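Single-letter residue listing:
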Amino acid sequence: MSDLPVRDEYGFYEIRLESIGGLGANLAGKILAEAGILNLGFNGSSFSSYGSEKRGSPVKAFIRFCDSDCEVRINSPVTEPHLIAVFQENLKQILPVLMGMNDKTRVVVNTARTAPAARDFLEMPGGTLYCVDALKISREEKVKLNTTILGAVCRASGFLAKEALEQAISDTLGKKYAWLVPANLKAFNRGFEEVEILEVPDDGKYPFQPFRESPPRWGYGNAPIGGTITEIASTLRNDLSASREGLLPFFIRDNCTDCTLCESTCPDYCYVWREVEKDGRKTMVNTGINYQYCKGCLRCVDICPSQAIEARNESEVDTKKLSRVSIW
Ligand code: SF4
Ligand code: SF4
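These remarks concern the structure in this document.

Observations concerning helix H6 (residues 181-193)
Then comes step 1: Under the 1.5 Å per step criterion, the end-to-end length of H6 is 18 Å for 13 residues, consistent within 8% with the ideal 18 Å.
Then comes step 2: Among the residues making up H6, those that are buried are Val 181, Asn 184, Ala 187, Phe 188, Arg 190, Gly 191 and Phe 192.
Then comes step 3: In this structure, the buried side of H6 is in contact with strand S6 (128-132), helix H3 (134-141), helix H4 (146-157) and helix H5 (162-174).

So, the packing of H5 against H6
Then comes step 1: Running from amino to carboxyl end, H5 crosses H6 at an angle of 150°, the nearest separation of the two axes being 10 Å. Relative to H6, the element H5 lies roughly antiparallel. Judged by the twist between their axes, the crossing of H5 over H6 is right-handed. Counted together, Lys 162, Leu 165, Glu 166, Ile 169, Ser 170, Leu 173 and Gly 174 of H5 and Val 181, Asn 184, Leu 185, Phe 188, Asn 189, Phe 192 and Glu 193 of H6 form the full contact between these two elements.
Then comes step 2: Looking at side-chain class alone, the contact of H5 with H6 contains seven nonpolar, four polar and three charged residues.

Observations regarding unusual backbone geometry
Then comes step 1: Even without being a glycine, Asp 258 presents a positive backbone phi close to 60°.
Then comes step 2: Within the secondary structure, Asp 258 sits in the loop between strand S8 (247-251) and helix H7 (261-265).
Then comes step 3: A residue is classified by how much of its surface remains accessible, and Asp 258, at 16% relative accessible area, is buried.
Then comes step 4: With phi around 50°, Gln 307 is a residue other than glycine that occupies positive phi space.
Then comes step 5: When you line up the elements, Gln 307 lands in the loop between helix H8 (299-303) and strand S11 (309-313).

Thoughts on the site of ligand 1
Then comes step 1: Near ligand 1 lie 15 residues; those nearest to it are Cys 256, Cys 259, Thr 260, Cys 262 and Cys 304.
Then comes step 2: When grouped by side-chain class, the residues that make up the shell around ligand 1 number 10 nonpolar, four polar and one charged.

Quick look at the side chain of Asn 90
Then comes step 1: Structurally, Asn 90 is set in the loop between strand S4 (83-86) and strand S5 (106-110).
Then comes step 2: You can call Asn 90 buried: its relative accessible area is 8%.
Then comes step 3: There is a polar contact of 3.0 Å between the side chain of Asn 90 and the side chain of Glu 314.
Then comes step 4: When residues no more than four places from it in sequence are discounted, the contact partners of Asn 90 are Phe 121, Ser 241, Ala 242 and Glu 314.

A look at the site of ligand 2
Then comes step 1: Residues in close proximity to ligand 2 include Pro 249, Cys 266, Pro 267, Cys 270, Tyr 271, Cys 294, Lys 295, Gly 296, Cys 297, Leu 298 and Cys 300, which together make up its full environment.
Then comes step 2: Residues belonging to the shell around ligand 2 are distributed by class as follows: nine nonpolar, one polar and one charged.

Overview of the pairing of strand S10 (residues 281-289)
Then comes step 1: Where strand S9 (residues 271-278) lies against S10, eight bridges are found, and the strand directions are antiparallel. Within S10, the position partnered with Arg 274 by the bridge is Val 285.
Then comes step 2: In this structure, the hairpin formed by S9 and S10 is closed by a connection of two residues, where Asp 279 is found at a positive phi of approximately 50°.

Analysis parameters
- Residues numbered from 1 in each chain as written.
- Chains lettered and ligands numbered in written order.
- Predicted model: local features only at pLDDT ≥ 70, side-chain atom pairs only at ≥ 80, totals over all residues.
- Heavy atoms only, no water.
- Helix = DSSP H or I, 4+ residues; strand = E, 2+ residues; numbered from the N terminus.
- Expected span 1.5 Å × (residues − 1).
- Buried < 20%, exposed > 50% of the residue type's maximum accessible area, 1.4 Å probe, protein only.
- Contact = heavy atoms within 4.5 Å.
- Axes fitted to C-alpha atoms, helices over the stretch in contact; angles between N-to-C directions.
- Parallel < 35°, antiparallel > 145°, perpendicular 65-115°, else oblique.
- Left-handed = near helix turned anticlockwise from the far one by under 90°.
- Nonpolar A, V, L, I, M, F, W, Y, C, P; charged D, E, K, R; others polar.
- Near = heavy atom within 4 Å.
- Polar contact = N/O pair within 3.5 Å; in protein donor to acceptor, adjacent residues only side chain to side chain.
- Pairing = 2+ DSSP bridges.

Below you can see the structure in the form of structure tokens.
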């Protein structure tokens, strides 16, 4: 049986998964817990916290391990994790995903950046960073990215045996989706192997942030009657980048016939049109996508009849190209 490398004052090794709905963090948490409890003999627990249960909204999963003779009597969120896994790096722009970490915490992040660049993007104050391009691997293996991230989590943990996680993945997926097991095991192993590790110096570049609850601004006591939105043009300030699962539409102007199908399909009015003179009369032309409002649903890719939009990894797309400034 493995031994826990470190414990908090209550005897727990604690993991927090930071994700968005649709990436499989809830299932990853369950697989982690099953690997530790059923296959490695720890005691422990796993549960998730999410709001509106919709794709793209923030999700957290919490996993605790302790020795087999220790009782689990804590069911609160993990506030000072030994290991954090960030499934979508852009979450950092809307949530303090690293809060509660200390200089011993290990952080796994799904990113196409180099480890030093990812450290700066996350503003990571210390600890050890494990970067894995889980989106690329999962696309190549045609699986969800949660098993790839599990591979990196396994590596970062230093005590969860690979075989225990492989067994848990096979048992969990094998019940209903047996044909997906080999590809997921391959993605898991690539996630384990293809990590770039960086010991982050505690150089004071970024401060450690203690865990804090962020209560909703509005509740039953102060919400406007009928849930009225009182802030004028608040949707203009929306930034949906943290809702994306990693793929974005890429617009190819040369193929576009300005048929407007993407415009009527996009739920967030991301396409930017401009009036031009053509053959002596005014007409509207599609100038591209404003990525600030794009949540990566890829409906426009499916609807376009002219191959003028294709799905690409977010890291391959210049999301600043059409900013809101260009509209107004
Ligand atoms: S659906 Fe395709 S061809 Fe039609 S306007 Fe959009 S990008 Fe252009
Ligand atoms: S992927 Fe396409 S349809 Fe979906 S939000 Fe982005 S631009 Fe709109």
